[in-house]
Every structure is written in structure tokens, then in C-alpha cells.
Amino acid sequence: MEQQQAPQVPAHVPLMTIERFAELSGLEQGVVYGQIRNGHLPAVKVGRYRMVNVALLQAQCLTQEDWS
């Protein structure tokens, strides 16, 4: 039986489009927009595009978890 692997996000990507973040996370774009609107996902506006701040999200996740 073949095992599916989740897509890997390169560690050096600080920002990601909402469409790409939705694709990689398996969430629908509307859910991602809602999470940004509710303040659960960090995002910045670059020109006319809203981008998910992956670097800040990773930092927040690492500080909230007890990794020791």
C-alpha cells in the first residue's frame, strides 16, 4: 500500500500566498482567509496581495509549545 506524504514547506520561505498556503496545509482558501481575519494566522499585505507570514507563524508555534 502506498503511503501519502504531506507536501514539505521549505524552511527559508518567509511569506506565502494564501492560495499556496491553503494548498500546502490542506485547508480551503476561505478557511485561511477566515483564520487571518480572526487573527489566528499572521499575514501582511504586499502590494495588492495578502501573504501569510510563515516565518512568524513558525516562531509563534515554537514559542507556544513546550519543546524542552
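Here is a short report on the structure shown in this document. Keep in mind that what you see is a predicted model, and the values were worked out from it rather than measured. (Residues numbered from 1 in each chain as written. Predicted model: local features only at pLDDT ≥ 70, side-chain atom pairs only at ≥ 80, totals over all residues. Heavy atoms only, no water.)

## Quick word on the overall build of the protein
At step 1: Of regular secondary structure, the protein possesses three helices and three strands.
At step 2: The order of helices and strands in the protein, counted from the N terminus, is β-α-α-β-β-α.
At step 3: For the protein, the residues scored as buried account for 22% of the 68 residues in total.
At step 4: Long-range pairs, those at least 24 residues apart, make up 36% of the contacts in the protein with a sequence separation of at least 6.
At step 5: Counting every atom, the protein has about 5,600 Å² of accessible surface; 51% of that belongs to carbon and sulfur. (Helix = DSSP H or I, 4+ residues; strand = E, 2+ residues; numbered from the N terminus. Buried < 20%, exposed > 50% of the residue type's maximum accessible area, 1.4 Å probe, protein only. Contact = heavy atoms within 4.5 Å. Areas by Shrake-Rupley, 256 points an atom, 1.4 Å probe, with all protein chains shown as cover.)

## Remarks on the nonpolar core
At step 1: Membership of the largest hydrophobic core is limited to eleven residues, which are Met-16, Ile-18, Phe-21, Ala-22, Leu-24, Val-32, Ile-36, Leu-41, Val-52, Val-54 and Leu-57.
At step 2: Counting only elements with at least two residues in this core, the list comes to helix 1 (18-25), helix 2 (29-37) and helix 3 (54-64).
At step 3: Tallying contributions element by element places helix 1 first for this core, with four residues.
At step 4: Ignoring anything within four residues of it in the chain, the contact list for Phe-21 reads Met-16, Val-32, Leu-41, Val-52 and Leu-57. (Core = buried A, V, L, I, M, F, W, Y, C linked by side-chain atoms within 4.5 Å.)

## Considering the pairing of strand 2 (residues 43-46)
At step 1: Strand direction decides the pairing type here: strand 2 and strand 3 (residues 49-53), joined by four bridges, are antiparallel. Bridge pairing in strand 3 links Val-44 to Met-51.
At step 2: Taken together, strand 2 and the strand that follows it, strand 3, pair antiparallel across an intervening segment of two residues, in which Gly-47 is found at a positive phi of about 65°. (Pairing = 2+ DSSP bridges.)

## A few points about the sheet that holds strand 2
At step 1: The strand order 1-3-2 describes an open sheet built from three strands, whose pairing is antiparallel. Edge positions in the sheet fall to strand 1 (15-17) and strand 2, since each has one partner strand and no second. The mean inter-strand angle of the sheet, taken between neighbouring strand axes irrespective of direction, is 40°.
At step 2: Here three bridges tie strand 1 to strand 3, and the two strands are oriented antiparallel to one another. Bridge pairing in strand 3 places Thr-17 opposite Met-51. (Axes fitted to C-alpha atoms, helices over the stretch in contact; angles between N-to-C directions.)

Distances and angles like these do not, on their own, reveal function.
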